[in-house]
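Architecture at a glance
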Amino acid sequence: MDQNKTSREILLRMVKSFTENEVAPFDMEIDHTRSYVNDLLNKIKKTDLLSTMLPKEYGGAGFDGSTTAEMINEIARGNASLAVTLEGHFKSIDQIVKFGNQALKDEYLPQAKSRIIAFSMTEPSGGSNPLGINSHAEHVGDKWIINGDKIMITNGGLAEIYCVLVKTAPEELSFFVVDKDMEGFEFGKQENFLGLTGVPVGEIVMNNIEVDENHLLGKVGMGKEIGDSAHNDARVLMGAVLTGIMEHELDIVTDYATHRKAIDTPIIQMQGIQRKVADIAIAKETTKLLYQKAAWLKDNRQDYEEEAAMAKAYGSRSAVKSGADALQILGGYGYSLDYPVEHLIRDARAMELAEGTVEKMRTEIALIEAKNRA
Ligand SMILES: Cc1cc2nc3c(=O)[nH]c(=O)nc-3n(C[C@H](O)[C@H](O)[C@H](O)COP(=O)(O)OP(=O)(O)OC[C@H]3O[C@@H](n4cnc5c(N)ncnc54)[C@H](O)[C@@H]3O)c2cc1C
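Residues numbered from 1 in each chain as written. Predicted model: local features only at pLDDT ≥ 70, side-chain atom pairs only at ≥ 80, totals over all residues. Heavy atoms only, no water.

Let us now look at the layout of surface pockets. Sizing a probe to match a water molecule and rolling it over the atoms shows the empty space that remains. Estimated volume of the largest pocket: approximately 990 Å³. For the largest pocket, the lining is made up of 38 residues, of which Thr-122, Leu-353, Ala-354, Glu-355 and Gly-356 are closest to its centre. The biggest single contributor to the lining of the largest pocket is helix H7 (residues 223–259), with six residues. For the lining of the largest pocket, a count of residues per class yields 17 nonpolar, eleven polar and ten charged. In this structure, the lining of the largest pocket is formed jointly by two domains, domain 2 (117–220) and domain 3 (224–373), each of which donates at least three residues. In terms of lining residues, the second largest pocket is bounded by 29 residues, among which Lys-98, Asp-233, Lys-298, Gln-302 and Tyr-304 are the most central. (1 Å grid on protein atoms, 1.4 Å probe; cavity = no way out; pocket = protein on both sides within 12 Å on 5 of 7 lines; lining within 4 Å. Points joined across faces, edges and corners; volume = space filled by probe spheres on them. Helix = DSSP H or I, 4+ residues; strand = E, 2+ residues; numbered from the N terminus. Nonpolar A, V, L, I, M, F, W, Y, C, P; charged D, E, K, R; others polar. Domains from an automatic or database assignment.)

So, about the UniProt feature "domain: Acyl-CoA oxidase/dehydrogenase middle" (unreviewed entry) in the protein. The feature "domain: Acyl-CoA oxidase/dehydrogenase middle" (unreviewed entry), as annotated in UniProt, sits at residues 118–208 in this numbering. The span residues 118–208 is 0% helix and 56% strand, and its two end C-alpha atoms sit 20 Å from each other. (UniProt positions renumbered as here; feature names shortened; annotations may be inferred.)

A few words now on the domain arrangement of the protein. What the domain assignment lists for the protein is domain 1 (3–113), domain 2 (117–220) and domain 3 (224–373). Here the C-alpha centroids of domain 1 and domain 2 sit 23 Å apart. On the domain 2 side, the residues contacting the 26 residues of domain 1 number 23 residues. Here domain 1 and domain 2 share an interface that buries about 2000 Å² over both sides, 61% of which is from carbon and sulfur atoms. The largest contributions to the domain 1 side of the interface with domain 2 come from Arg-34, Leu-104 and Tyr-108, which together make up 28% of the buried area. Linking domain 1 with domain 2 are zero salt bridges. Here domain 1 and domain 2 share ten residue pairs in polar contact (both at pLDDT 80 or more) between them. Examining the composition of the side of domain 1 that touches domain 2, we find that twelve residues originate from one element, helix H5 (residues 80–99), more than from any other. In terms of residue class, the side of domain 1 that touches domain 2 is made up of twelve nonpolar, ten polar and four charged. (Contact = heavy atoms within 4.5 Å. Buried area = accessible area lost by both parts, 1.4 Å probe. Salt bridge = Lys/Arg side-chain N within 4 Å of Asp/Glu carboxyl O. Polar contact = N/O pair within 3.5 Å; in protein donor to acceptor, adjacent residues only side chain to side chain.)

With that settled, consider the pattern of salt bridges. Taken as a whole and judged by the stated rule, the model has 28 salt bridges. Of the charged contacts in the structure, one is a salt bridge between Lys-288 and Glu-247, with a shortest N-O distance of 3.2 Å. With a gap of 41 residues between them, Lys-288 in helix H8 (residues 271–299) and Glu-247 in helix H7 connect regions that are remote in the sequence. Given a relative accessible area of 9%, Glu-247 falls into the buried group. Three or more residues are tied together by salt bridges with common partners; here these are Arg-115, Glu-160, Asp-179, Lys-180 and Asp-181. (Buried < 20%, exposed > 50% of the residue type's maximum accessible area, 1.4 Å probe, protein only.)

Moving on, we come to the site of the ligand. Surveying the vicinity of the ligand reveals 18 residues, the closest of which are Met-121, Thr-122, Ser-128, Met-152 and Thr-357. A distance of 3.0 Å separates a nitrogen atom of the ligand from a polar backbone atom of Met-152. Within the side chain of Thr-357, an N or O atom sits 2.6 Å from an oxygen atom of the ligand. In this structure the site holding the ligand corresponds to the largest pocket. Those elements giving two or more residues to the shell around the ligand turn out to be strand S1 (117–120), strand S3 (143–154) and helix H11 (358–373). With three residues, S3 is the largest single contributor of residues to the shell around the ligand. Looking at side-chain class alone, the shell around the ligand contains eight nonpolar, eight polar and two charged residues. Each of domain 2 (117–220) and domain 3 (224–373) gives at least three residues to the shell around the ligand. (Near = heavy atom within 4 Å. Sits in = over half its atoms within 2 Å of the grid points.)

Let us look at the packing of aromatic side chains. A full pass over the atoms with the stated rule returns seven aromatic pairs. With a centroid separation of 5.4 Å and 45 degrees between ring planes, the pair formed by Tyr-162 and Phe-185 is classed as tilted. Residue Tyr-162 is found in strand S4 (residues 161–169), and its partner Phe-185 is found in strand S6 (residues 185–190); the two are separated by 23 residues along the sequence. Of the residues examined, Tyr-162 reaches a relative accessible area of 0% and is grouped as buried. Residue Phe-185 is classed as buried on the basis of its relative accessible area, which comes to 10%. Here the aromatic rings of Phe-185 and Phe-187 are separated by 5.2 Å at their centres, their planes lie at 85 degrees, and the arrangement is edge-to-face. Through pairs of rings, three or more aromatic residues link up here, namely Tyr-162, Phe-185 and Phe-187. (Phe/Tyr/Trp six-rings, centres within 6.5 Å; stacked < 30°, edge-to-face > 60°.)

Attention now goes to the nonpolar core. With 108 residues, the main nonpolar core has Ile-146, Tyr-162, Phe-176, Val-178, Val-241 and Ile-245 as its most contacted residues. Not counting residues up to four positions away in its chain, the partners in contact with Ile-146 are His-136, Ala-137, Val-166, Phe-176, Val-178, Met-206, Asn-207, Asn-208, Ile-209 and Val-211. Grouped together as the second largest cluster of nonpolar side chains are five residues, Ala-313, Val-358, Met-361 and Ile-365 included. (Core = buried A, V, L, I, M, F, W, Y, C linked by side-chain atoms within 4.5 Å.)

Our next topic: H11. Compared with an ideal rise of 1.5 Å per residue, which puts 16 residues at 22 Å, H11 spans 23 Å between its outermost C-alpha atoms and is within 8% of the ideal. Along H11, the residues classified as buried are Val-358, Met-361, Ile-365 and Ile-368. An end-on view of H11 places all buried positions within 85 degrees of arc, on one side of the element. Exposed positions of H11 whose direction lies more than 90 degrees from the buried face are Glu-359, Leu-367 and Lys-371. (Expected span 1.5 Å × (residues − 1). Arc of directions from axis to C-beta.)

Set out below in structure tokens:
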């Protein structure tokens, strides 16, 4: 028997049961209270879900990109915020694995089992154009001194370790890893976002944080490359989150339309309703195929940038549109804050912005298409 296949099946079965019992029942409460409830994060830590994709040599389970994406998909079907918290942590681990020097890996990767890692590029001056940032690091002797203000960080405030993009020269971008316990580190404003309300998104302020050379991620000047790599990894997982949101929408509408009657006929028998349900199903399946292809390419060490961008660009627009269709199927109940459909639309909408806006992703996709044909 294929050992990897068996352990993947066991993990996904465990995640499915965890989602059904510990996550989905609290979906509405998480949205309304804007926080994880019922000790959810401690349960995540206790069940070792923070380290499923962490390489085995650092104490993780070492699952591949495809398995990680399926796990995120399963959790998102129960609650998208929790899935995005894990997505943010996993894509940050990925960058330390890919670009960290041995000392940095030895210091931080074993901690990723219990401490969340976040990835931070955006500043008040803008997120789409990294060269517009103001945070900077100065090389003084054998140390780096970091100053700056990073905002809108997924898991900001919850995470304890941060990969931060700074300038090391006016036109040079580099990444460093800083820890919340370092002198000069402060948490700032928490965003009051429309959706994914279970995910804390916040600011960190760095005042003369002093780090050793080995806290440089990759090499000086590799900021863009590392940022692009993080976007690619995040977009695969966001495709999985968006698929989970559309699966949640389908669960709701198929149940509702089967039981809701117009006079004597269940509305699922009506063509106008059928068209909307079918459109949601088609969009869900297309997004699933896109993120699964991207994850497969990643696991097989092939380029996955375009498929990852497609999964998030197509998936985010589709999940918002599918949410609007789902709302319509539920009629007045769909418009109620007491039913989950409205928050699924708000949750999906975040992913037209986070990890690169849909405009930026379309630019990337168009340029790859042009390059492939040149
Ligand atoms: C839920 C959520 C979580 C987030 N998590 C993180 C995180 O973990 N880490 C992090 O660093 N950031 C994070 N962000 C910030 C996010 O990455 C930025 O919001 C995004 O990159 C856009 O930057 P901006 O908001 O400054 O908008 P701007 O960059 O100012 O863009 C404004 C508008 O102009 C368009 N635009 C700008 N430049 C171009 C261009 N070159 N080509 C085409 N169109 C362009 C944009 O598409 C957008 O429509 C998060 C945001 C959200 C909503």
